[in-house]
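A look at the structure
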Amino acid sequence: MRLVTWNIARGTAAEKAPFILPLLADVLVLQECARPDEINDRHLWFGTNVRKGLSIQTFGEYRLNALPVRQDVPPFFIPLEVTGPESFVLMAVWAQKEPYLYAEGVSRAIAAYADLIGTRATVLIGDFNSNAIWNAEHPAEHNHSAIVSRLDQLGCSSAYHEYFGEAHGSETRHTYFHWWKEERPFHIDYVFIPKLWLPRLERVELGSFAQCEGASDHRPVSITLRDVDACT
């Protein structure tokens, strides 16, 4: 199973297809994506601006079902159920500045869904707009390190950090280039997976600056998991 997230910096999925199709996603989460012409159980979209929202798409035998959004949760932290060869909860993330600045909004959303995350296999995937290097800009209980700690308690780990053996805030590979400049790299896009899935984690890939130059200031994050049957 391949899970992919990418902030496409506006436009349609069709326009960015030359970059998306080679990723071979089973589950694809796109931020800043225009509303598709058709909404169905393989392609859901959430947003208030038809040119710029959160798109979740599945391929093959996988299907989507939107779960109820809880009250007072910051926008664009969307709970869904993925069904198919493997079923799990997907939290699609596109962190915003309002009503809470980036990490704090994600932290509060995780708290709101803690019972769900803690009791079901859950993937949290998307543009968190967050990194431990900015911890001081947020309340200690809602900064990036608090997010990582809380998800650890709920049984989830960042696939990138587990795969490459790097600490949060010390990433050597980057997912975002500020002002579209190669010399301004940051790591702000994540895929958190259940710890029970870690033995199945086969590969984590990040697009390079050159691969998507001109298409987006972000780079896709892709993770590959061995099928359950292959691990038994």
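First, a word on scope: everything that follows refers to the structure included in this document. (Residues numbered from 1 in each chain as written. Predicted model: local features only at pLDDT ≥ 70, side-chain atom pairs only at ≥ 80, totals over all residues. Heavy atoms only, no water.)

**A look at the overall build of the protein**
The condition is simple: Only DSSP runs of H or I with at least four residues qualify as helices, and only runs of E with at least two residues qualify as strands; both kinds are numbered from the N terminus onward. Here the radius of gyration uses the C-alpha set of atoms, whereas the globule reference equals 2.2 Å times the residue count to the power 0.38. Buried means the residue's accessible area, taken with a 1.4 Å probe over protein chains only, is under 20% of the maximum for its type, while exposed means over 50%, and partly exposed covers the values in between. By the convention used here, residues are in contact when the closest approach between their heavy atoms is within 4.5 Å. Residue-level accessible areas treat just the shown protein chains as cover; the underlying method is Shrake-Rupley with a 1.4 Å probe. The sign given to each residue is positive for Lys and Arg and negative for Asp and Glu; His and the chain ends receive no count. Each charge is placed at NZ for Lys, CZ for Arg, CG for Asp and CD for Glu.
Summing up its helical and strand segments, the protein has 5 helices and 14 strands in all. At 16 Å, the protein has a C-alpha radius of gyration in line with the 17 Å of a compact globule built from 232 residues. Dimensions of the protein, computed from the C-alpha atoms along their principal axes, are close to 40 × 40 × 35 Å. Scored against the burial criterion, the 232 residues of the protein give a buried share of 54%. Considering only contacts in the protein between residues 6 or more positions apart, those separated by 24 or more positions represent 61%. Total accessible area on the protein stands at roughly 10600 Å², and carbon and sulfur atoms take up 50% of it. Each charge class in the protein can be summarised by its mean position, and for the 21 positive and 29 negative side chains these summaries are 2 Å apart.

**Overview of the pairing of strand S8 (residues 122–127)**
Inclusion rule: Strands are treated as partners if at least two bridges between them are detected by DSSP.
S8 sits mainly inside the fold: 6 of its 6 residues count as buried. Looking at chain direction, strand S7 (residues 88–94) and S8 are connected through 6 bridges and run parallel. Directly across from Val 89, in S8, lies its bridge partner Thr 122. As paired elements, S8 and strand S12 (residues 189–194) share 4 bridges and run antiparallel to each other. Directly across from Asp 127, in S12, lies its bridge partner Asp 189.

**Looking at the sheet that holds strand S1 (residues 2–7)**
The line we're drawing: Axis definition: a line fitted to C-alpha atoms, limited for helices to the stretch in contact. Angles are taken between N-to-C directions and run from 0 to 180 degrees.
The sheet built from 6 strands is open, its strands ordered S3-S4-S2-S1-S14-S13 with mixed pairing. Each of the sheet's edge strands pairs with one partner strand only, and the pair in question is strand S3 (43–49) and strand S13 (201–206). Mean inter-strand twist for the sheet, computed between neighbouring axes without regard to direction, equals 10 degrees.

**Structural notes on the nonpolar core**
Definition in use: Among buried residues, those of type Ala, Val, Leu, Ile, Met, Phe, Trp, Tyr and Cys that are joined through side-chain atoms within 4.5 Å constitute a nonpolar core.
With 30 residues, the main nonpolar core has Leu 3, Phe 88, Leu 90, Val 123 and Ile 223 as its most contacted residues. Examining the composition of this core, we find that 4 residues originate from one element, S7, more than from any other. Each residue touching Ile 223, except ones within four places of it in the same chain, is listed here: Met 1, Arg 2, Leu 3, Ala 159, Val 191, Ile 193, Leu 201, Arg 203 and Val 204.

**Examining the packing of helix H2 (residues 103–112) against helix H4 (residues 144–153)**
Filter applied, for reference: We call two directions roughly parallel when the angle between them is under 35 degrees, roughly antiparallel when it is over 145, roughly perpendicular when it lies between 65 and 115, and oblique otherwise. Working rule for handedness: look at the near helix, and if it is turned counterclockwise from the far one by less than a right angle, call the crossing left-handed; if clockwise, right-handed. Under this grouping Gly is polar, as are all residues other than the nonpolar Ala, Val, Leu, Ile, Met, Phe, Trp, Tyr, Cys and Pro and the charged Asp, Glu, Lys and Arg.
Their axes nearest at 9 Å, the elements H2 and H4 cross at an angle of 20 degrees. Judged by the angle between their axes, H2 and H4 are roughly parallel. H4 is crossed by H2, and the crossing has left-handed handedness. For the pair formed by H2 and H4, the contact residues are Ala 103, Val 106, Ser 107 and Ile 110 on the first element and His 144, Ile 147, Arg 150 and Leu 151 on the second. Looking at side-chain class alone, the contact of H2 with H4 contains 5 nonpolar, 2 polar and 1 charged residues.

**As for H4**
What counts is decided by this rule: The directions considered for the arc run from the helix axis to the C-beta atoms. Counting of polar contacts relies on pairs of N or O atoms within 3.5 Å, with two restrictions inside protein: one atom must be capable of donating a hydrogen and the other of accepting it, and residues adjacent in sequence are counted only when both atoms are side-chain atoms.
Of the positions making up H4, those classed as buried are His 144, Ala 146, Ile 147 and Leu 151. Viewed along the axis of H4, the buried residues span an arc of 155 degrees, placing them on a single side of the element. Residues of H4 that are buried make contact with H2, S8, strand S9 (156–158) and S12. Measuring from the side-chain oxygen of the N-cap residue of H4 to the backbone nitrogen of Ser 145 gives 3.2 Å; that N-cap residue is Asn 143. Positive phi appears at Gly 155, one or two residues downstream of H4, with a value of about 90 degrees.

**Examining the packing of aromatic side chains**
Heads up, the condition is: Stacked, edge-to-face and tilted labels apply to pairs of Phe, Tyr and Trp rings (six-membered ring for Trp) whose centres lie within 6.5 Å, assigned for plane angles under 30 degrees, over 60, and everything in between, in that order.
Applying the stated criterion to the full structure yields 11 aromatic pairs. Their ring planes at 50 degrees and their centres at 4.8 Å tell us that Phe 76 and Trp 94 sit as a pair that is tilted. Residue Phe 76 is located in the loop between strand S5 (63–66) and strand S6 (77–83), and its partner Trp 94 is located in strand S7; the two are separated by 18 residues in the primary sequence. Like Phe 76, the residue Trp 94 is buried in the burial classification. Their ring planes at 85 degrees and their centres at 4.9 Å tell us that Tyr 163 and Phe 164 sit as a pair that is edge-to-face. Residue Tyr 163 is classed as partly exposed on the basis of its relative accessible area, which comes to 36%. On the basis of relative accessibility, which here comes to 25%, the residue Phe 164 falls in the partly exposed class.

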